[in-house]
Amino acid sequence: MLTYVVRRVLSTVPLLIGAMYLVHVGVSATSDPLASLRLCLPRCQEGYDRIVEIYELDQSIWVRPFAWFDDALRGDFGKSEAIGESVASVLVERGLNTAMVAIPAFLVSALLAVFLSVYSSRRQYSKTDYALTGFSFLGLALPTFFVGLVLQVFWGVWFPKWTGFKPFYTGSMRTESPLELLQSITLPVLTLVIVSVAAESRFGRANMLEIISSDYVRTARAKGLSERQVIWKHALRNAMIPLVTLWALDFAALLGGSVITETIFSWPGLGPAFVIALTKPDLDLVMGITILTALIAIIFNLIADLLYGWLDPRIRLD
Amino acid sequence: MTTGATRAPVMDEPCWLRPASQVGAKVMQSSFLGVTPYLFDGEVEFMKKHSKAIRFAASLFAVALVASACGGSDDAATEDTVADSVEETDSGTDGEGCGGSGTLIWAHEQEPGDLHLDDPENGLTITAWIRTGMWEGLFGVNSKTEFYPRLLAGEPEVVNAADGSVTVNYTLREGLKWSDGDDLTADDVKYTNDMLMAKDSAGEYIYLLGDRTGLDTITDFVVSSPSQFSVTWSQFFAGWKALFGEVHPLHVFPADPAEAAAAENDALRTWTQDGTVLPSSGPLVFSEWNKGVSMSLVCNPEYHGSTSPDAVNTGKAQVDGVQINFVPDTDAQINALKSGEADVIMTQPQLAFEEFGTNDEFIVASSAGPIYEHWGLNLFNKHLKKPEVREALALAMNKADVMKGLYTPLFGDTLPAEGLGNVYWMSNQGDYVDASGAAGYGKGDVAAAKAKLESVGYVLGSDGIYAHPSDGVLSLRVGTTGGNKLRELQQQLLQAKFKEAGIDIVIFNQPGGEYWGAQPFNEEALKCAGSGGKEGDCNVWDIAQFAWVGGPWPGGQSGVLRTGSGNNIYGFANAEFDAKADECDATVDDAKRAGCYNELNLYAVTLQKDANTGLFMLPITQKPSFYAVSATRLASYGVAPDANNAGPLLNVADFKKK
């Protein structure tokens, strides 16, 4: 197992370096940090020169990534010119804000997906199954921004009009008290849950249907195991293997910042920071967020691989 | 108003004593606990086994939801209750106290990187707006885009000497104070000048990017008393009133100008010096910045009041402060206003304002700002180098279509229905002349445009588009920063009329970050413009749509259009214009100078002054500011008139919450 983990980690290093190099070259080739400064030349000459120096714009775009690698290896990810803080502190601060939304959203959607998968597969073609299927397709079809805006309007405008009170904040992060945090976190979490659970529950239902009609499940029933044991202990465990892959990808994406949801709810996470960084353009911040997202994706894929072995002992991690 | 009044008594009750429907308990509980799910055997067994834990978790969740409902309404309760008491007690005291009516919440999309206005990476207008509320200058700009004495007791005395030098004798208003209680004196103004002009030991300016235009010709600065000082320029500088737009606090920075300049470069970013907030001379004092979320400014108790002719309240701010919530998404801003999480927004698109305009709970307002949109023409394009083609474009352009489609129905009297016809003076300025309109341009005159094209050999093709025997089809690309909805709509509205005139306009936008470097400010394109078409690549762009900023001193516009200027993307080079620009800036008489600028405008927007290379700018319209404010939460508002586009921070003293 340890050998496997070490091998996996080592194999990601060239992947990471290659990805970083391509991102750096790609962003450099398609963006121009001097664009707005050209408008105010010669007045902005000092600032112009400063940006040229910071991003080494006098160098070829193929060479520039090496300077970034050099600094990054020494733990210096640069300063975010768009936010005015070091990239490291932006990643920590914004990353924690994103985690505040991403972790509950992931946990709730994962639990709901499991429950709905079991429920739907046990009652295939029932009215409830059709209803849940309809809900899933709706969740899959609706774009995230639409779900977020509908929730904003419903809880921020309509519901207070009907009832005279407003249970949730519809924008901005509030941290004055745990209660305010709960009130401000609810709608972004709910948006992510609606979008995530739709896909996950469809996936889970299909897996469960396949598993519960398999021979070993029939054998388990024949041996006289209770339905609860058959479903929750034997069938679900196997049905979860493909779901684990999906969760690893979803969780990594959520932790990397949900651009649309965070933007709509003015949540100061990594998503809006990434948009600012791309539009500015703030190359150091783009690189910082990219490397963080890549690392998270790698780590969670590794965890997913390890979980396969735990869920199905037949899988050997050699 | 009615909503607040009827709701307040209910909200005065503790949350747990209110009817359940008021706090959401009933609705929430029935939604989650009133449903009896259908469970299969295993689940029933599971439920039975873990019933206590499930009940506990469900109760906890229900309590949390009730509590959250409670918390949300408690906020409203507090504000409504405070507002009611303020309404009763502060009548007749407008301008005397500081704050008292609650915090004004402004949802806005832009967040500055820092508060150093001249940081090259921080050219956001929001930075200037925020500082407008904190640091005042010698002169302000009123709704007619004219200067008015702000920190000054009145118009200064101007003395012209025989040697051409000019001395201005200033007198500051009595009783000016910084927010920390220190006096604001003439020494602060001198300090501002000395700090901006400070050089390091190598003889280089220290201040990062402070504009020294006009300061560099000051030959003498004499402080004669705490409120009086004189400044002498070696020669008349037309933009003298634009100088010292902010006066910096001497007492919190080192006395040595060079050290002070270095210290300010750091302090301005966070608006703190050695951990202490920089003192304000404006109505607001910096309080807190929660990056990515909000910035808070509080009422300045030492504020000396506004002298703006547009100000209704000439005293201190009536709101406790302003909280700027950074909401990047336009729809989310609109929802924030609707849901009561913002009191004011200033956003687009206009459709939202149409909706707000028909709703009694909101008030919409607009004002003409100093920013104007135009089409800039590349004088080295094979078609556009012909004056007749440029004139055909000017004749076929229908600005009224743009105004009618985007502005006039909603904000009829804010901007002229025929669009803008001047790049020096804006339509709300007294010296404005619609030179384009007088020349017959911008009115969608298709027949005249066609005649112009045919006069230089263009022939109408079977596809309805003109073509030149040697230069080919008359197809021109117009580019701008992609994603700017308003500009894209303008392009589409104009495109149709050009097609009628046989001119094919291809919309060729690129993302904001890429556009400038890829098109008008592309290095090769600038080389072409700077070399008279001899070097670089003259085919990078054809027409560029973007904005320049006007102001009470329009002489700055000449800097863009002078021969060889780095911003002169058009390729315009005219020695007569350059000399005239110098002459205008040196003209002492205000009326003559204004007329002189109107003459310069003729070079840019008509062929009257330069029949060969004139007419390379097609002004379209000023960019108005749109505001929507909550009528139910605000008793008064001060967003318009606002010639600076500076938002609610310009006339913040006029805001009052209910």
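These numbers come from a predicted model, not from an experiment.

Peer 1: Please set out the pairing of strand E11 (residues 294-299) of chain B residue by residue, giving values where relevant.
Peer 2: Residues and elements named next belong to chain B. With respect to burial, E11 is a largely interior element, 5 of its 6 residues being buried. Bridging between strand E10 (residues 284-290) and E11 involves 6 bridges; their strand directions are antiparallel. If you follow Asn290 over to E11, its bridge partner there is Ser294. The hairpin turn running from E10 into E11, its antiparallel successor, is 3 residues long, and Gly292 in that turn takes a positive phi close to 85°. As paired strands, E11 and strand E12 (residues 321-326) are joined by 5 bridges and run antiparallel to one another. Residue pairing across strands places Ser294 opposite Asn325, the latter belonging to E12.

Peer 1: Tell me about the environment of His374 of chain B, and please be specific about residues and values.
Peer 2: On the secondary structure map, His374 of chain B appears in strand E14 (residues 362-377). Among all residues touching His374 of chain B, those that are not within four sequence positions of it are Val423, Met617, Leu618, Pro619 and Ile620 of chain B.

Peer 1: With reference to specific residues and values, describe helix H17 (residues 523-530) of chain B.
Peer 2: All names here are of chain B. Every buried residue belonging to H17 is among Ala525, Leu526, Cys528 and Ala529, and all of these are buried. Down the axis of H17, the smallest arc covering the buried residues is 155°, so these residues share one side. Just downstream of H17, Gly532 is the residue with a positive phi angle, here 70°.

Peer 1: Could you give me a rundown of the pairing of E12 of chain B, with the residues and numbers involved?
Peer 2: Residue and element names in this part refer to chain B. Counting buried residues along E12, 6 of its 6 residues qualify, which places the element largely inside the surrounding structure. Judged by which residues are buried, E12 turns out to be covered on both faces: Gly321, Gln323 and Asn325 on one side and Val322, Ile324 and Phe326 on the other are all buried. Judged from the 6 bridges that link them, strand E1 (residues 103-108) and E12 form a sheet pairing that is parallel. Its bridge partner being in E12, Trp106 is matched across the sheet by Ile324.

Peer 1: Which residues make up the environment of Tyr627 of chain B, and what are the values?
Peer 2: Tracing the sequence through the fold places Tyr627 of chain B in strand E23 (residues 617-630). Separated by 262 residues in sequence, Tyr627 of chain B and Ala365 of chain B place their C-alpha atoms 5.1 Å apart.

Peer 1: Just give me the short version of the nonpolar core, but keep the residues and values in it.
Peer 2: All names here are of chain B. Residues Leu284, Val322 and Ala628 are the most contacted members of the largest nonpolar core, which totals 135 residues. Setting aside its immediate chain neighbours within four residues, Val322 contacts Leu104, Trp106, Leu284, Leu297, Pro648, Leu649 and Val652. In this structure, Trp425, Cys528, Val540 and Ile569 belong to the second largest nonpolar core, which totals 76 residues.

Calculation criteria
Residues numbered from 1 in each chain as written. Chains lettered and ligands numbered in written order. Predicted model: local features only at pLDDT ≥ 70, side-chain atom pairs only at ≥ 80, totals over all residues. Buried ≥ 20, exposed ≤ 12 C-beta atoms within 10 Å, placed from the backbone. Helix = DSSP H or I, 4+ residues; strand = E, 2+ residues; numbered from the N terminus. Pairing = 2+ DSSP bridges. Contact = placed C-beta atoms within 7 Å. Arc of directions from axis to C-beta. Core = buried A, V, L, I, M, F, W, Y, C linked by C-beta atoms within 7 Å.

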